[in-house]
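Summary of the model geometry
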Amino acid sequence: MSSDGTVGRGSEASPGPPDTATCVGVVELVTEYLEDALEPDVRARFEAHLDDCEECEVYLEQMRATIVAAGRVDVEHVAPATLDRLVAAYRSAVRARRNPGANGV
Ligand SMILES: [Zn+2]
């Protein structure tokens, strides 16, 4: 058969895409990290990634400031949809930081 639709995008010209999977993991774990609720294992990897990823470090600082301002973390009230939005917002923030010139409409 000659109908293979497996190749969606064959022309990816990204020079060096960030490890978004790991960054998404950081976004999802950040509240637990700030509550000191992570396994030592996970926490170590989390911090290792922060060491490596400036964007996540900034994100963590922003989350910490938000939580300090709010007084507490409502982890149980964070719906998956909210996490989705956080990740989306986070991604566009990273893009904006990487393309300061692409600010026009
Ligand atoms: Zn990251």
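Look a little higher up for the structure.
Just so you know, these numbers come straight off a predicted model, no measurement behind them.

The next subject is the nonpolar core. Across soluble globular proteins, nonpolar side chains show a tendency to be buried alongside one another. If you look at the biggest cluster of nonpolar residues, it comprises seven residues: Val 26, Val 27, Val 30, Phe 46, Cys 56, Tyr 59 and Tyr 90. Elements with a minimum of two residues in this core: α1 (20-34) and α3 (54-70). For Tyr 59, the residues in contact, after removing those within four places along its chain, are Val 27, Val 30 and Tyr 90.

Turning our attention to the environment of Val 26. Structurally, Val 26 is set in helix α1. In this structure the C-alpha to C-alpha distance between Val 26 and Val 87, which are 61 residues apart in sequence, comes to 9.7 Å. The residues contacting Val 26, other than those within four sequence positions of it, are Phe 46, His 49 and Cys 56.

Structurally, Tyr 90 is set in helix α4 (residues 80-98). On the neighbour-count criterion, Tyr 90 (21 C-beta atoms within 10 Å) is buried. For Tyr 90, the contacting residues outside a window of four places in its chain are Val 27 and Tyr 59.

About the thresholds
- Residues numbered from 1 in each chain as written.
- Predicted model: local features only at pLDDT ≥ 70, side-chain atom pairs only at ≥ 80, totals over all residues.
- Core = buried A, V, L, I, M, F, W, Y, C linked by C-beta atoms within 7 Å.
- Buried ≥ 20, exposed ≤ 12 C-beta atoms within 10 Å, placed from the backbone.
- Helix = DSSP H or I, 4+ residues; strand = E, 2+ residues; numbered from the N terminus.
- Contact = placed C-beta atoms within 7 Å.

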